[in-house]
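Below are the chains, spelled out letter by letter.
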Amino acid sequence: MENFNFYSPTYFAFGKGREADCGKLVKQFGGSKVLIHYGGGSVVRSGLLDQVKESLKQEQLDFVELGGVKPNPRSGLVYEGIELCKKEGVDFVLAVGGGSTIDSSKAIAAGVVYDGDFWDFYQGKWIEEALPVGTVLTIAAAGSEGSPDSVITNEDGMIKRGASGDAIRPKFSVLNPELTETLPAYQTACGITDIIAHLYERYLTNSKDVEVTDRLIESLILTMKTEAPKVMENLQDYEARANIMWAGMVAHNNIVGVGRSQDWTSHQIEHELSALYDCAHGAGLAVTMPAVFTYNMNHDVMRFSQIAVRVWGCQMDFAHPEVTAKEGIKALQNFLCSIGMPKNFEELGAKEEDIEKLAYTCCYGKGNEGGRIGGFVPLEQKDVEEIYRLML
């Protein structure tokens with residue numbers, strides 16, 4: 001196990017009706033003038049936005065609003081939010097929505113107190129200062145409600161990149177599983193897939209003797225394996241959604257990733273798909289993960305066979321561990337297909353003729369001029385092209 005620092009100060013208010021506490025929580029963490037940031041649609045129709053406003057009013061907190069966040073959140077709205085916050089003297093950003101809304105809120109919070117272009121943070125600059133952020137989560141997926149990370153799509157070239165820094169960890173997050181019960185099956189499955197991807201990205205490590213975090217990751221994937229069919233059968237299954245929601249946070253606040261190197265190849269390769277085709281991130285990951293794992297399997301076949309046995313119930317073939325490893329990758333893909341996820345380029349809406357462009361942008365696009373990606377196995381453009389071809 002490697003040396004590590006771990007700091008995760010987010011205050012979680014979990015359970016039914018906890019959105020009513022927003023005003024008290026904002027005040028507790030020093031806010032007086034709030035930007036309520038959201039997408040629209042269901043947040044408005046469900047009445048959640050009005051509930052949040054009422055909670056702020058009860059604590060006599062001023063607020064302004066900025067809606068319009070889209071999946072794969074865009075840089076244009078971030079710039080708009082930064083200017084609005086500066087104009088209105090906002091000192092707290094409250095995200096009401098899913099990972100896209102939270103990521104956009106984090107970008108705004110960092111940009112308000114920064115003299116340069118916020119996109120600098122998405123090209124490698126560490127975020128050291130930001131306005132405080134709070135969240136009211138409406139989908140279990142990205143884990144942004146507990147993480148120091150944010151992903152934004154730059155509309156200049158449609159480049160999707162991430163930024164990090166403990167300054168953008170939410171001060172508080174309201175997690176009410178009831179708020180996810182109106183999600184369609186497809187969106188729910190996309191969230192489950194994203195959670196599983198966050199776990200695999202940490203599981204694929206070159207660090208040795210990391211049994212504690214291995215076992216934590218395995219248990220969380222097993223939770224997804226158990227709870228996902230329940231919620232797909234009954235979208236109003238509160239207990240299943242509660243387990244998935246908490247697992248989503250734990251999967252990405254990095255408690256299961258400390259002391260070990262991590263991969264993130266699947267995310268880097270998928271980001272090009274969702275940036276170019278605007279597909280759901282989870283759907284893109286469902287197609288990307290099996291291809292990446294198949295391509296990288298021989299780098300450490302025992303790691304793939306270990307998770308195949310421990311999570312997917314495969315029988316270990318000690319004479320031919322690659323057989324077990326392949327069975328585990330296939331079991332993952334079959335599971336994702338069973339909850340309605342796509343399995344190839346065609347089902348995702350991606351095009352074979354774009355492969356060279358996708359691979360080039362992945363390896364050489366804004367914020368990644370080094371030409372290589374991946375933490376488990378370093379990959380160059382030709383490797384990335386081959387991985388995309390495995391998705392056909």
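Since this is a predicted model, take the numbers as computed values, not measurements.

Visitor: Give me the packing of helix α9 (residues 265-277) against helix α14 (residues 355-364): which residues, what numbers.
Guide: Axis separation between α9 and α14 bottoms out at 9 Å; the angle between their running directions is 120°. For the element pair α9 / α14, the angle class is oblique. Handedness of the α9/α14 crossing: right-handed. Contacts between α9 and α14 involve Gln-268, Ile-269, Glu-272, Leu-273, Leu-276 and Tyr-277 from the former and Lys-357, Leu-358, Thr-361 and Cys-362 from the latter. Counted by class, the contact of α9 with α14 contains 6 nonpolar, 2 polar and 2 charged residues.

Visitor: Break down α14 for me, citing the residues and quoting the values.
Guide: What α14 keeps buried is the set Ile-355, Leu-358, Ala-359, Thr-361, Cys-362 and Cys-363. The inward-facing, buried residues of α14 contact β7 (159-164), α9, α13 (345-348) and α15 (381-390).

Visitor: Describe the pattern of salt bridges, and please don't skip the residues or the numbers.
Guide: Where charged atoms from two side chains of opposite charge approach closely, those side chains can pair. Enumeration over the complete set of coordinates arrives at 17 salt bridges. Ionic pairing is found between Arg-18 and Asp-21, a salt bridge with its closest N-O pair at 2.9 Å. With relative accessibility at 22%, the residue Asp-21 sits in the partly exposed group. In this structure, the salt-bridge partner of Asp-214 is Arg-260, at a minimum N-O distance of 2.8 Å. On the criterion of sequence distance, the pair formed by Asp-214 in helix α7 (residues 211-233) and Arg-260 in the loop between α8 (238-252) and α9 is long-range, its members being 46 residues apart. The same class applies to Asp-214 and to Arg-260, which are both buried. Here the residues in one salt-bridge network are Glu-211, Arg-215, Glu-218 and Arg-310, joined through shared partners.

Parameters at a glance
Residues numbered from 1 in each chain as written. Predicted model: local features only at pLDDT ≥ 70, side-chain atom pairs only at ≥ 80, totals over all residues. Heavy atoms only, no water. Axes fitted to C-alpha atoms, helices over the stretch in contact; angles between N-to-C directions. Helix = DSSP H or I, 4+ residues; strand = E, 2+ residues; numbered from the N terminus. Parallel < 35°, antiparallel > 145°, perpendicular 65-115°, else oblique. Left-handed = near helix turned anticlockwise from the far one by under 90°. Contact = heavy atoms within 4.5 Å. Nonpolar A, V, L, I, M, F, W, Y, C, P; charged D, E, K, R; others polar. Buried < 20%, exposed > 50% of the residue type's maximum accessible area, 1.4 Å probe, protein only. Salt bridge = Lys/Arg side-chain N within 4 Å of Asp/Glu carboxyl O.

Everything listed is a geometric property; what it means functionally is a separate question.
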